[in-house]
Amino acid sequence: MQDFATETTAMPGGSAAADALSPSLPRDTSIPCVSCDVRSRAVCAVMSDDELGRLSKLTQNQTYAPGEALFFEGDEAGACFIVQDGALKLYKLLPDGRRQITGFLFKGDFLGLSPKEEYGFTAEVLEEAHACVLPAERMDELIADYPKLSNRLLNLASMELASAQEQMLLLGRKTAQERIASFLLWLSQRAADRGEESNPVRVPMSRSDMGDYLGLTVETVSRSITKLKTTGVITLKEGNRIEINDPELMTAIAAGDGC
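If you're wondering where the values come from, they're calculated on a predicted model, not measured in any experiment.

(A) Here's a closer look at the pattern of salt bridges. Here the structure, examined in full by the defined rule, presents 13 salt bridges. Between Arg98 and Asp96 there is a salt bridge; the shortest N-O distance is 2.7 Å. Between Arg194 and Glu196 there is a salt bridge whose closest N-O contact spans 3.1 Å. On the basis of relative accessible area, Glu196 is assigned to the partly exposed category, the value being 34%. Bridged by salt links that share partners, the residues Lys89, Arg99, Glu124, Asp209 and Asp212 form one connected network.

Right, dumping it as structure tokens:
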């Protein structure tokens, strides 16, 4: 079993069940956790106002600067995190120093629950992030006291498995062009799920980060993006944004049916 870090939407072709996991929520704005705007998407979505009142007394809100790590691979697994805003990358280092990015997390995502005493990956901030921080032992107590929270984690873990399976397909069978197209569509879908603008696509990670996630060199990432640009499928815009001019063609490329 790996350390738990979950996105609410898998890569294209995976499960997108975030809405199905979020119940109708009461609103008692006197409790900070109730008025939190990520509540409907976060792991705590299933908790009642009274239960959130308990949660709010156990958590702290923290701000992290770009390049700062929430924790490093090998650190004591002492806390869980709910991303309130911003973007993170998760990665592991090989003995020879090479890096494999295993995922990207955004608003509403959860990380830090580990079956071991140490974190199995590093979580680093891509752009300023805010997170709700809960001591790991308190999280264990909440899971024990509220079975519906355990069920929520199981549902999220199932979605993480679907995302991992899609990632194996991405790395094992798709061409570089198909990988880039799939990744950009995934970023667009993640933004839509958060209720944010999905096109142009906000791309907070570097091309090096994209390569380390997709199993490509920086040069190959750049060539693939340039090809999509010159064929008119995308337009590069200011502020690390990419306009998908032809979503249908982009989807076809991601599936191996395009140019």
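Moving on from the model shown.
(B) Layout of the sheet that holds strand S10 (residues 241–244). An order of S8-S10-S9 is seen for the 3 strands of this open sheet, with the pairing classed as antiparallel. Edge strands, defined here as strands with exactly one partner in the open sheet, are strand S8 (201–202) and strand S9 (234–237). Pairing geometry for S8 and S10, over 2 bridges, is antiparallel. Pairing of Val201 across the sheet is with Ile242, part of S10.

What counts, and at which threshold
- Numbering of residues begins from 1 in every chain and follows the order in which that chain's sequence is written.
- Confidence filtering applies because this is a predicted model: local features only for residues at pLDDT of at least 70, side-chain atom pairs given and counted only at 80 or more, and all residues used for totals across whole chains, interfaces and linings.
- The basis for every side-chain value is the complete set of heavy atoms in the structure, and neither hydrogens nor water enter the calculation.
- We define a salt bridge as a side-chain nitrogen of Lys or Arg found within 4 Å of a carboxyl oxygen belonging to Asp or Glu.
- A simple rule labels every residue: compare its accessible area, found with a 1.4 Å probe on the protein chains alone, to the largest value its type can have, and call it buried under 20%, exposed over 50%, or partly exposed in between.
- Strands qualify as paired when DSSP identifies two bridges or more between them.
- Counting from the N terminus, the helices are DSSP H or I runs at least four residues long and the strands are E runs at least two residues long.

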